[in-house]
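Per-entry structural report
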Amino acid sequence: MTELPVRTNPEDAPGGKRTDEAESACSAPNAVDRRHAIKIMALAAATPGLASCTVDGGNGSEGGGDPVTDGGDVVADTPNPASNPKARGDAWDPDLIDPVIPWDLELEDDELASLAVLCDLILPADERSPSASSLGAHDFINEWVSAPYEGNGDDLVLVRGGLRWLDRESTRRFGDPSRPGSGPRFRDLPIERRTAICDDICYAETAPPGFEFAARFFDRVRFLASTAFWTTPEGMDDLQYVGNVPIPTWDPPPDEVLRHIGLLP
Amino acid sequence: MDSPTPTSSTTLPPIPWKPPEPASARCGRRSTVWGCGREQHESAAVRQAQDYDAVIVGSGAAGGMCAYVLACSGLRVLMLEAGRDYDPVTETPMFQTPADAPLRGAGTPEKPFGFYDATVDGGWQVPGEPYASAPGTDFRWWRARMLGGRTNHWGRISLRMGEYDFKPRSRDGLGADWPMEYDDLAPYYDKTEALIGVYGSNEGLENTPNSSPGVLLPPPAPRAEEMLAQARCRELGIPVIPAHLAILTRRLDAARISRELWPNNATARRVTEESMNRRAACYYATPCGRGCSIRANFQSPTVLIPPALATGNLDVITDAMVREVTVGPDGRADGVHYVDKTTGLDERATGRTVILAASACETARILLNSKSGLFPDGLANGSGLVGKYVMDTVGAGVGGQIPALENMPPHNADGASAMHVYMPWWLYGEQAAGRLDFARGYHIEFGGGRKMPGFGFMGGLAGFTDGAYGRRFKEECRRYYGSFIRFDGRGEMIPNEDSYCEIDPDGVDQWGIPTLRFHWKWSDHELNQARHMQRTFASVIEAMGGRVTSSVHDDGARAIAAPGVIIHEVGGARMGADPSESVVNEFCQSWEVDNLFVTDGACFVSNADKNPTLSIMAVAWRASEYIASEMTARSIR
């Protein structure tokens, strides 16, 4: 799948590895000072594997002022910082061709590991598509909850608190009553036990009293994991979405579609 | 400018924004003077020494059209745009997917319609450019600070106003009549449609005008859900006909069209033909709201401004925030004051006429801020009507889930981005007979189906599946994918005295320019109409065998979208036949200042359910012809 460059660590940039575990660039879109912004965008342009698309139109939109990299260190202040020299490069006028995510990622490795397990419980691998975590759903949730917006900040608390709740509930249900606080973590439980907990929180309408928060947490993770999963190429294939390709003419729906909806016998 | 519902799930106060750095410190961003061929040449100072025939404020539907017609007519034109230079050909992300964007393309405070929306430096909040709403009202003012303005993200729904729409007061005693008839504007609708490229069909329905033969491009075939709605609506007596959208379903016949548009003008013919030949036909992928790098959809910077530049008669200055129209000792307009946003310095541009095309409310703001000893209440405001009778479109919607659309055989359902068919207003007879509790109509836009999954995909599915997760959740998503549909009404608002904008005595933007304060009140006509919309949509969903998935309010005040949300605001400098009851005449010419024109939506007298952009362009074309002929005849000196 494709991944956006989130902040970049100079050591990682030339290797083509995903670079979302690196140090902070800035805290909010508009807090980026110009020089720093240029460095971020230059690194973005240098990071291989980005799904950037050269738009039609004669003037190649990319390549102008390619950043020079030397062992991963970026020579900043290139005259054309990214693929779109007209864009100012902040949140109001981002580079739409080669986007970057200019905020810190908040979740810790341990939290991400637990989140990945939960994402896979919601969207496991099957014969048609891989699991959510293998497509980076937990990383997307990290991107989402780390964004510098009020609603996203609320989700950070919800996700963080929900992961703690899952572990506490695992201990409460399946730990040793004589040793409170030292039980199995959710992600270490066998699948039947994980499912037993999730069955209680998977739907707000049927969640037992006291599980309201956990149900809200589960629903939010399901929502975000679904967004992450089905917006990847693998997720789109799973749904058998067949568009986003240029076609010369537009034809009516195939007969089998019209039969399906009852407009043809 | 209908656009999809914002996908924002976050709310946040506007992010503090620092003023731009001086041009020297910034990359690719400076107050730019463009001439022929989009090459930067000469300085603003040099060009201002020229004697411009017209100074146009704004570069969108109205400003772009005025620049095209006037430059083609041989006038020397200066266009001022408050936002940055923008080129859809090189700046549009075409095949990128949500996974290529931050937050999977979700709306944010800075990009309310999602990351890929073509609007840059715009939205309902623009940093450094506040506005206020009077207590009890909540007007949302969308702006797009960029070359081409809102034409870049416009939904491109191009419906003609009909004969009723120009004479509403004569028909039912409400609102006011236009000083022109449909037949006066019809030739300009033809010209505009031929120039920009509009697909659609002629159905001959009441108050839903046909275009002249050879003008429209063939409409694309309906998608599956559109065909199902068409079949079921037939049973309900609701017509579902091809929509009219400014998207090329085939290449334009450039030689023929340019010849017909400009039979006696070789330069205009040449530049028009060359520009049209650079436009490709739609390839039925990627949403139009991103812009279009192949120029298949209509945008001012790909369709109107390039041929105007190619005449050699147009200069464009971007990042030029106009503050006021200046007036000479003779009481005639002689130019504008603007702030060069890249330097913060006040600048001046002069010309023999001034054309305001800055968008309805921005135009009213400029007029109200143009105070002088001769015009203490603002320019062209002797009637006191500048800023008054502002209208938006009535909006209300309902979503549904249609079992017949579940588990559809895979097929490409992208199409021309937006809807292929729509429902024009069909209850004129009911209204005439007094059987409805609102006076004016609405049309229905709708969409759904197997589109590319985006942010929020399957967000409501937990409710449909009693909280499914695991393998069953995946299977349910496959089943439900493509089965959701949404109907949105777009209805006529009748102008009223309580809906207006004025200069906020307590407000100023970061350029030091006094800001607007909005007042708003819906009448029962709008509220009842919104209620009727929701009931109708629920009945259509049920007729399709589906279930309604959103609220259907019996209280119109809860059904109706907040004013400004539909982004069809017009009025504020309305035209009329009587100087005491209007600001401009039928040619958009100010009654008080004969070389001052208002060609954008501000001049609208009524706001039919038809999305206004096409009419803005037709009105601007007609006014531009008048300006050109008057200047040639020297009746405007």
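Please read these numbers as outputs of a predicted model, since none were measured by experiment.

**Examining the overall build of chain B**
- In terms of regular secondary structure, chain B is built from 17 helices and 19 strands.
- Rg of the C-alpha trace for chain B: 24 Å, near the compact-globule value of 26 Å for 637 residues, within the 12% margin.
- The C-alpha extent of chain B, read off along each of the three principal axes, is 75 × 55 × 55 Å.
- A buried classification covers 68% of the 637 residues belonging to chain B.
- For chain B, contacts bridging at least 24 residues in sequence account for 73% of all contacts bridging at least 6.
- Summed over its atoms, the accessible surface of chain B is roughly 19600 Å², and 49% of this surface lies on carbon and sulfur atoms.
- If the 63 positive side-chain charges of chain B are averaged to one point and the 76 negative ones to another, these points end up 5 Å apart.

**What about the pairing of strand β9 (residues 320–327) of chain B?**
Residues and elements named next belong to chain B.
- With 7 of 8 residues buried, β9 lies mostly within the body of the structure.
- The sheet contact formed by β9 and strand β10 (residues 333–340) spans 7 bridges and is antiparallel. Bridge pairing in β10 places Val 327 opposite Ala 333.
- Counted between consecutive antiparallel strands, the loop separating β9 from β10 contains 5 residues, among which Gly 331 sits at a positive phi close to 80°.

**Here we look at the interface of chain B and chain A**
- Every contact between the two is made by 100 residues of chain B and, on the other side, 97 residues of chain A.
- In total, about 8100 Å² of surface goes out of reach between chain B and chain A, with carbon and sulfur atoms giving 63% of it.
- Considering only the surface of chain B that becomes buried against chain A, Arg104(B), Tyr469(B) and Lys474(B) emerge as the three largest contributors, covering 10% of it.
- At the junction of chain B with chain A, the criterion picks out 7 salt bridges.

**Things to note about the sheet that holds strand β15 (residues 484–491) of chain B**
- Spatially, 4 strands are ordered β14-β15-β12-β18 (chain B) in an open sheet, and the strand pairing comes out antiparallel. Each edge of the sheet is formed by a strand with only one pairing partner; in this case those strands are β14 (442–448) and β18 (547–548) of chain B.

**Regarding the packing of helix α3 (residues 137–146) of chain A against helix α6 (residues 212–230) of chain A**
Residues and elements named next belong to chain A.
- Where α3 meets α6, the axes come as close as 9 Å, and the angle between the chain directions of the two elements is 110°. In this view, α3 runs roughly perpendicular relative to α6, as classed from their interaxial angle. In the packing of α3 onto α6, the handedness of the crossing is right-handed. Contacts between α3 and α6 involve Ala 137, Phe 140, Ile 141 and Trp 144 from the former and Arg 220, Val 221, Leu 224, Ala 225, Thr 227 and Ala 228 from the latter.
- Partitioning the contact of α3 with α6 into residue classes produces 8 nonpolar, 1 polar and 1 charged.

**Quick look at the side chain of Lys610(B)**
Residue and element names in this part refer to chain B.
- By secondary structure assignment, the location of Lys 610 is in the loop between β19 (596–598) and α17 (613–632).
- Taking the relative accessible area as the measure of exposure, Lys 610 reaches 5% and is therefore buried.
- In terms of polar contacts, Lys 610 uses its side chain to reach the side chain of Asp 165, at 2.7 Å.
- With residues near it in sequence (within four places) discarded, Lys 610 still touches Leu 159, Arg 160, Met 161, Gly 162, Asp 165, Asn 207, Tyr 428 and His 443.

**Quick look at the sheet that holds strand β5 (residues 132–133) of chain B**
All names here are of chain B.
- Judged by pairing direction, the sheet is mixed, and its 3 strands sit side by side in the order β5-β17-β16 without closing on themselves. In this open sheet, the two edge strands, each paired with only one partner strand, are β5 and β16 (500–508).
- Pairing of β16 with strand β17 (residues 514–519) involves 5 bridges; the strand directions are antiparallel. By the bridge assignment, Tyr 500 is partnered in β17 with His 519.

**Focus: the environment of Met180(B)**
Residue and element names in this part refer to chain B.
- Tracing the backbone through its elements, the reader meets Met 180 in the loop between α5 (168–172) and α6 (182–196).
- The exposure class assigned to Met 180 is buried, which follows from its relative accessible area of 1%.
- With 395 residues separating them in the primary sequence, Met 180 and Met 575 have C-alpha atoms 9.5 Å apart.
- Not counting residues up to four positions away in its chain, the partners in contact with Met 180 are Phe 166, Lys 167, Leu 185, Met 575, Glu 586 and Arg 622.

**What about the pairing of β15(B)?**
Residue and element names in this part refer to chain B.
- Extensive coverage of β15 is indicated by the burial of 6 of its 8 residues.
- As paired strands, strand β12 (residues 394–401) and β15 are joined by 8 bridges and run antiparallel to one another. Opposite Gly 397, over in β15, you have Asp 488 as the bridge partner.

**A closer look at the pattern of salt bridges**
All names here are of chain B.
- Within the structure shown, the criterion is met by 50 salt bridges over all chains.
- Where Asp 138 meets Arg 140, a salt bridge forms, and the shortest distance between an N and an O atom there is 2.8 Å.
- Residue Asp 138 is classed as partly exposed on the basis of its relative accessible area, which comes to 37%.
- Taking the relative accessible area as the measure of exposure, Arg 140 reaches 31% and is therefore partly exposed.

**Digging into helix α7 (residues 224–236) of chain B**
- Taking 1.5 Å of rise per residue, 13 residues should cover 18 Å, and α7(B) covers 19 Å from first to last C-alpha, within 8% of that figure.
- For α7(B), the complete set of buried residues consists of Ala224(B), Glu225(B), Glu226(B), Leu228(B), Ala229(B), Gln230(B), Ala231(B) and Cys233(B).
- In this structure, the buried residues of α7(B) make contact with α8 (255–260) of chain A together with β13 (421–422), β14, β15 and α15 (524–543) of chain B.
- Just downstream of α7(B) lies Gly237(B), where phi reads positive at about 80°.

**Observations regarding the nonpolar core**
- With 188 residues, the main nonpolar core has Tyr68(B), Leu80(B), Leu314(B), Phe487(B) and Leu596(B) as its most contacted residues.
- In terms of residue count, the dominant contributor to this core is α17(B) (12 residues).
- Those residues in contact with Phe487(B) that lie beyond four places of it in its chain are Ala396(B), Gly397(B), Val398(B), Met423(B), Ile444(B), Glu445(B), Phe446(B), Phe537(B), Val540(B), Ile541(B) and Met544(B).
- In this structure, Trp165(A), Ile197(A), Phe229(A) and Met236(A) belong to the second largest nonpolar core, which totals 63 residues.

**Section: a negative patch on the surface**
- Together, Glu163(B), Glu181(B), Asp183(B) and Glu206(B) give the surface a local cluster of negative charge.
- Relative to the helices and strands, Asp183(B) resides in helix α6.

**Some remarks on the packing of helix α2 (residues 109–122) of chain A against α6(A)**
Residues and elements named next belong to chain A.
- Where α2 contacts α6, the axes come no closer than 10 Å and their chain directions differ by 80°. The orientation of α2 with respect to α6, classified from their angle, is roughly perpendicular. Contact residues: α2 offers Leu 115, Leu 118, Cys 119 and Ile 122, while α6 offers Phe 217, Phe 218, Val 221, Arg 222 and Ala 225.
- When the residues that make up the contact of α2 with α6 are grouped by side-chain class, the tally is 8 nonpolar, no polar and 1 charged.

**Section: the packing of aromatic side chains**
- Evaluated as defined, the whole model comprises 44 aromatic pairs over all chains.
- Both rings, one in Trp230(A) and one in Phe473(B), keep their centres 6.1 Å apart while their planes meet at 70°; by these two values the pair is edge-to-face. Here Trp230(A) is found in helix α6, whereas its partner Phe473(B) is found in helix α14 (residues 471–480) on a different chain. Across the pair, Phe473(B) and Trp230(A) agree in class, each one buried.
- Measuring from ring centre to ring centre gives 5.4 Å for Phe464(B) and Phe484(B), while their planes differ by 80°; the resulting arrangement is edge-to-face. Of this pair, Phe464(B) sits in helix α13 (residues 461–464) while Phe484(B) sits in strand β15, and the two are 20 residues apart along the sequence.
- Of the residues examined, Phe484(B) reaches a relative accessible area of 27% and is grouped as partly exposed.
- A network of ring pairs unites the aromatic residues Trp425(B), Trp426(B), Phe438(B), Tyr442(B), Phe446(B), Phe487(B) and Phe537(B) as a single cluster.
- Above the ring of Tyr164(B), the side-chain terminus of Arg171(B) is found at 3.6 Å from the ring centroid.

**Examining the confidence of the model for chain A**
- Here chain A shows a mean pLDDT of 76. Residues at 70 or above account for 68%.
- Across residues 7–80 of chain A, where pLDDT falls below 50, the model places 135 contacts with residues more than four positions away in sequence or in other chains.

**So, helix α9 (residues 266–277) of chain B**
All names here are of chain B.
- Helix length check: α9, at 12 residues, gives a terminal C-alpha distance of 16 Å against a target of 16 Å (1.5 Å per residue), a fit within 8%.
- Those residues of α9 that fall on the buried side of the exposure criterion are Ala 268, Val 271, Thr 272, Ser 275 and Met 276. Along the axis of α9, the buried residues cluster in a sector spanning 130°; they form a single face.
- Residues of α9 that are buried in the fold lie against α2 (61–72), α6, α8 (254–261) and α10 (300–310).
- Two or three places before Thr 267, at the start of α9, stands the capping residue Asn 265, its side-chain oxygen 3.3 Å from that residue's backbone nitrogen.

Conventions used here
In every chain, residue numbers begin from 1 and rise along the written sequence. Each chain gets a letter, beginning with A, and each ligand a number, beginning with 1, in the order they are written. This being a predicted model, a pLDDT of at least 70 is required before a residue's local features are given, and a value of 80 or more before pairs of side-chain atoms are given or counted; all residues contribute to the totals for chains, interfaces and linings. Just so you know, side-chain values use all the structure's heavy atoms and leave hydrogens and water out. Runs of E in the DSSP output that reach at least two residues are strands. Runs of H or I that reach at least four are helices, and both are numbered from the N terminus. When we talk radius of gyration, it's over C-alpha atoms, and the globule rule is simply 2.2 Å times the number of residues to the 0.38. Accessibility here uses a 1.4 Å probe with only protein chains present; expressed as a share of the type maximum, an area under 20% marks a residue as buried, one over 50% as exposed, and anything in between as partly exposed. By definition in these notes, contact holds between two residues if any of their heavy atoms fall within 4.5 Å. Only the protein chains shown count as cover for residues, and the accessible areas themselves come from Shrake-Rupley with a 1.4 Å probe. Within this scheme the basic residues Lys and Arg register as positive and the acidic residues Asp and Glu register as negative, but His and the chain ends are omitted. To locate a charge, take NZ of a lysine, CZ of an arginine, CG of an aspartate or CD of a glutamate. Only strands that DSSP links by at least two bridges are regarded as paired with each other. Accessible surface is computed with a 1.4 Å probe, and the buried area is the amount of it that two parts give up when combined, taken over both parts together. A side-chain nitrogen of Lys or Arg and a carboxyl oxygen of Asp or Glu constitute a salt bridge if their distance falls within 4 Å. Interaxial angles span 0 to 180 degrees and are taken between N-to-C directions of axes, which are lines fitted to C-alpha atoms, for helices over the stretch in contact. Roughly parallel covers angles under 35 degrees, roughly antiparallel covers those over 145, roughly perpendicular covers 65 to 115, and oblique covers all other angles. Crossings are sorted by hand: turned counterclockwise from the far helix by less than a right angle, the near helix makes the crossing left-handed, and turned clockwise it makes it right-handed. When residues are grouped by polarity, Ala, Val, Leu, Ile, Met, Phe, Trp, Tyr, Cys and Pro land in nonpolar, Asp, Glu, Lys and Arg in charged, and all others, Gly among them, in polar. We call two N or O atoms a polar contact when they sit within 3.5 Å, provided that within protein one can donate a hydrogen and the other can accept it, with sequence-adjacent residues counted only if both atoms are side-chain atoms. Expected span of a helix, by definition, is 1.5 Å for each gap between consecutive residues, and there is one gap fewer than residues. By nonpolar core we mean a set of buried residues, namely Ala, Val, Leu, Ile, Met, Phe, Trp, Tyr and Cys, connected to one another through side-chain atoms within 4.5 Å. Residues enter a patch when their relative accessible area is above 30% and they make no salt bridge; the linking distance is 9 Å between like charges and 5 Å between nonpolar side chains (Val, Leu, Ile, Met, Phe, Trp, Tyr). Two rings from Phe, Tyr or Trp (for Trp, the six-membered ring) form a pair when their centres are within 6.5 Å of each other. A pair whose planes differ by under 30 degrees is stacked, one over 60 is edge-to-face, and the rest are tilted. Whether a charge sits over a ring comes down to the Lys NZ or Arg CZ being within 6 Å of the ring centre and within 35 degrees of the ring normal. Residue-level confidence of the predictor, termed pLDDT, takes values from 0 up to 100. Directions pointing from the helix axis toward each C-beta atom define the arc.

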